[in-house]
Amino acid sequence: MTKYKQIRIALNNCGVIDPENIEDYIARDGYMALGKCITEMTPQDVIKEIKDSGLRGRGGGGFPAGLKWEIASKNHADQKYVVCNADEGDPGAFMDRSVLEGDPHAVLEAMAICGYSIGATKGLIYIRAEYPLAIKRLKIAIDQAREVGLLGKNIFGSKFDFDIELRYGAGAFVCGEETSLIHSMEGLRGEPTIKPPFPAEKGYLGKPTNVNNVETYASVPIIIRKGASWFNKIGTEKSKGTKVFALAGKVNNVGLVEVPMGTTLREVIFEIGGGIQNGKKFKAVQTGGPSGGCLTEKHLDTPIDFDNLVAAGSMMGSGGMIVMDEDNCMVSVAKFYLDFTVEESCGKCSPCRIGNKRLFELLERITKGQGTMDDLQRLRNMSNVIKDTSLCGLGQTSPNPVLSTLDNFYDEYLAHVKDHKCPAGECKDLMKYFIIAENCVGCTACARVCPVGAITGEKKEAHLINSETCIKCGACMERCKFDAIIIK
Amino acid sequence: MTKIKTLADLVKLRDELQSKQALADSADNAESIIQIKVGMGTSGIASGAKAVIDFLVEALEKRNIEANVSQTGDMGYSYAEPTIEVKKPGKDPVVFGFVNVQKADEIIEKYIKRDELVEGIIPVNYHTIDN
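Residues numbered from 1 in each chain as written. Chains lettered and ligands numbered in written order. Predicted model: local features only at pLDDT ≥ 70, side-chain atom pairs only at ≥ 80, totals over all residues. Heavy atoms only, no water.

## Considerations on the domain arrangement of chain A
(1) Moving on: Under the domain assignment, chain A is made up of domain 1 (22-231), domain 2 (242-325), domain 3 (330-418) and domain 4 (432-487).
(2) Moving on: For domain 3 of chain A and domain 4 of chain A, the distance between their C-alpha centres works out to 36 Å. (Domains from an automatic or database assignment.)

Below you can see the structure in the form of structure tokens.
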């Protein structure tokens, strides 16, 4: 079992079966788990199995899935709902999309299993409209499952009915938060509300609702088939099973990776990911999307699981993993994520709506070389206030990229504030292009490639860059064969 | 398709499908056939997998090679898209990366026809749930 670093559980059928053919799924033991649940297990048995497996929600928070199901099952109502959260919004993440595109039936099967265990007859998949292929394949899968009677009335000849519909999201990041997602499905504004009541008590249309992420569901049929004791042997003490990561950024083997919990960042980035592109130096890895943080070299040997990542100042999130090299400016990275959260904040609570905007402005000043030491302190204070007082997960986590870069790359902030320099050379306002006269042979290549005509000089004589007109595109530096152009 | 009304129905259908697959996979019988899967997730299609699958279907027919060409989801090698998997009867499947139309042509001519290896093979780097 130790030959390879990866084990494919959620990705078991992904890239193996034809997602538009239910027979391919059935040939790989598809719907056997649902059959086993309905004919051989009571709903309580199913919940116990999921609880024993130690499966934790893969959408970010890591809440135990079995416990969630149990709570929903104990709330009595005439109608309950099973919801699949397929509103994958983290920049650079594509795990859920790949699972839905490659193995849609696994999600349908798991939702039906959940429905059986909590007593729900209706399933809803909230999927972003930006995923047309996943939507198409889900629709085909639902039709095929209905046609053979694996969805619909009296499944496997029992009294259990279950059907699934799609609901489209307009790609708002906040709708990945379960209360916002439910409001969006109800036709209301995608805004969060205070929990409790949790969706398991009062969810969609006021009825008990179980919301899980795509990857959580995709792990369920295999857990039922192979047993909780098989699943909980994989992973660490508190985080069982495997996690899919979308490895992206400056790493050689960009792609989907599924590793047991407890695998180290080094193994993922350097062994599976094949190291950093163009032989550059590793600088940081961003996990958890806009809610996560940047981890550095000293964290590379940390085993990845829910708790370790939080302890290190980041989080698991849904599984985006963006690798950065020496050319990435960490202040700009923090600014990039803040830009995203400012855009995606729903505006309901003021810490998130106003606070994030102010954080972004502070970061912008720093990247322009106008920041002060007070600004650095203000960044930290304001981040903590936003974290403590925001209404939902979006605001409570949005300052994480700022805090983690302040913690791990304080020197870089100082360089921007005190020396007005960007060590990585990414902040354009802080750089100037110069020609070293001794190295310049006057070949005129740079002057010809400059898009704004900022370079002047006679043939065979040293050239000069006019920093007033220069737009710092770097085209001249790339073209120069004599290393005569430098950034200061 | 017939309705599945009981677990026994499902088991029966699965067993039929599995034995059909086993026959197709193993060498030396009337059912054995070359199977090609093209990774057609969003990343594959964006890198040109559609042109590759169209080419494979057409070229194999023109060259009188019997094969099943089908689509599948993302194989996970986004850096090497488009990716295809070729399974010859009685052999382990082989995954090729960076497959454009020219490469697909080379794979047919060399690997499929003459068993010569072609560059661009992505080695298996994961366990499945069964091992």
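## Some thoughts on helix 7 (residues 132-147) of chain A
All names here are of chain A.
(1) Moving on: Look at helix 7: 23 Å from first C-alpha to last across 16 residues, which is about the 22 Å you get at 1.5 Å a residue.
(2) Moving on: Of the positions making up helix 7, those classed as buried are Leu133, Ala134, Ile135, Arg137, Leu138, Ala141, Ile142, Gln144 and Ala145.
(3) Moving on: Just past helix 7, the residue Gly149 takes up positive phi, approximately 90 degrees. (Helix = DSSP H or I, 4+ residues; strand = E, 2+ residues; numbered from the N terminus. Expected span 1.5 Å × (residues − 1). Buried < 20%, exposed > 50% of the residue type's maximum accessible area, 1.4 Å probe, protein only.)

## A few points about the packing of aromatic side chains
(1) Moving on: Per the stated rule, a full pass over the model turns up 9 aromatic pairs over all chains.
(2) Moving on: With centroids separated by 4.8 Å and ring planes inclined at 85 degrees, the aromatic side chains of Tyr81 of chain A and Tyr204 of chain A adopt a geometry described as edge-to-face. Note that Tyr81 of chain A is positioned in strand 2 (residues 81-86) and Tyr204 of chain A in the loop between helix 8 (178-185) and strand 5 (209-213), a separation of 123 residues in sequence.
(3) Moving on: With a centroid separation of 5.9 Å and an interplanar angle of 20 degrees, the aromatic rings of Phe160 of chain A and Phe162 of chain A are classed as stacked.
(4) Moving on: According to the relative accessible area criterion, Phe160 of chain A is buried, its value standing at 10%.
(5) Moving on: Classification of Phe162 of chain A by relative accessible area gives buried; the value is 1%.
(6) Moving on: Across from the ring centre of Tyr77 of chain B, 5.9 Å away, lies the NZ or CZ of Arg8 of chain A, which sits over that ring.
(7) Moving on: The ring of Tyr126 of chain B has Arg8 of chain A lying over it, and the distance from NZ or CZ to the ring centre is 3.9 Å. (Phe/Tyr/Trp six-rings, centres within 6.5 Å; stacked < 30°, edge-to-face > 60°. Lys NZ or Arg CZ within 6 Å of the ring centre and 35° of its normal.)

## Quick notes on the pairing of strand 6 (residues 242-249) of chain A
All names here are of chain A.
(1) Moving on: In terms of burial, strand 6 is largely enclosed, as 7 of its 8 residues are buried.
(2) Moving on: Relative to strand 7 (residues 255-260), strand 6 runs antiparallel, the two sharing 6 bridges. Paired with Ala246 across the bridge in strand 7 is Leu256.
(3) Moving on: Where strand 6 hands over to strand 7, the hairpin turn is made up of 5 residues, counted between the paired strands. (Pairing = 2+ DSSP bridges.)

## A word on the sheet that holds strand 7 of chain A
All names here are of chain A.
(1) Moving on: The 5 strands lie next to each other as 7-6-10-8-9, forming an open sheet whose pairing is mixed. Where the open sheet ends on each side, the last strands, each with one partner, are strand 7 and strand 9 (293-296). Taken pair by pair, the neighbouring strands of this sheet meet at an average axis angle of 30 degrees, ignoring direction.
(2) Moving on: Pairing between strand 8 (residues 282-287) and strand 10 (residues 320-325): 5 bridges, direction antiparallel. When the bridges of strand 10 are listed, Gln286 appears paired with Ile322.
(3) Moving on: The sheet contacts of helix 17 (residues 400-408) involve strand 8 and strand 9, and relative to strand 9 the element is tilted by about 25 degrees. (Axes fitted to C-alpha atoms, helices over the stretch in contact; angles between N-to-C directions. Contact = heavy atoms within 4.5 Å.)

## Points about the interface of chain A and chain B
(1) Moving on: Across the contact, 53 residues belong to chain A and 36 residues belong to chain B.
(2) Moving on: For the pair chain A and chain B, the summed buried area comes to about 3,600 Å², and 56% of that belongs to carbon and sulfur atoms.
(3) Moving on: Three residues stand out in chain A for area buried against chain B, namely Tyr4, Arg8 and Val148 of chain A, and they jointly supply 17% of the buried area on that side.
(4) Moving on: Linking chain A with chain B are 1 salt bridge, by the criterion used here.
(5) Moving on: One salt bridge in this structure joins Arg14 of chain B and Asp29 of chain A, with 2.8 Å as the shortest N-O distance. (Buried area = accessible area lost by both parts, 1.4 Å probe. Salt bridge = Lys/Arg side-chain N within 4 Å of Asp/Glu carboxyl O.)

## Re the nonpolar core
(1) Moving on: One finds Tyr31, Trp69 and Ile125 of chain A to be the most contacted residues of the largest nonpolar core, which totals 81 residues.
(2) Moving on: Apart from the residues within four sequence positions on either side, Trp69 of chain A is in contact with Val46, Ile47, Ile50, Ala110, Ile113, Cys114, Ser117, Ile118, Asn210, Asn212, Tyr217 and Val220 of chain A. (Core = buried A, V, L, I, M, F, W, Y, C linked by side-chain atoms within 4.5 Å.)

## Looking at a nonpolar patch on the surface
(1) Moving on: A surface patch of nonpolar side chains, about 230 Å² in accessible area, is lined by Phe63, Leu67 and Ile71 of chain A.
(2) Moving on: Turning to its location among the elements, Leu67 of chain A is positioned in helix 4 (residues 65-74). (Patch = residues over 30% accessible without salt bridge, like charges linked within 9 Å, V, L, I, M, F, W, Y side chains within 5 Å. Areas by Shrake-Rupley, 256 points an atom, 1.4 Å probe, with all protein chains shown as cover.)

## What to know about the pattern of salt bridges
Oppositely charged side chains can pair when the atoms bearing their charge come close.
(1) Moving on: Scanning all chains against the criterion turns up 42 salt bridges over all chains.
(2) Moving on: Between Glu101 of chain A and Arg97 of chain A there is a salt bridge; the shortest N-O distance is 3.7 Å. Taken as a pair, Glu101 of chain A and Arg97 of chain A lie in helix 5 (residues 95-102) at a separation of 4 residues, close to a single helical turn. When sorted by exposure, Glu101 of chain A lands in the same class as Arg97 of chain A, which is buried.
(3) Moving on: Here Asp15 of chain B and Arg14 of chain B are joined by a salt bridge, their closest N and O atoms 3.3 Å apart.
(4) Moving on: Beyond isolated ion pairs, a larger network of salt bridges with shared partners links Lys68, Glu177, Glu178 and Lys195 of chain A.

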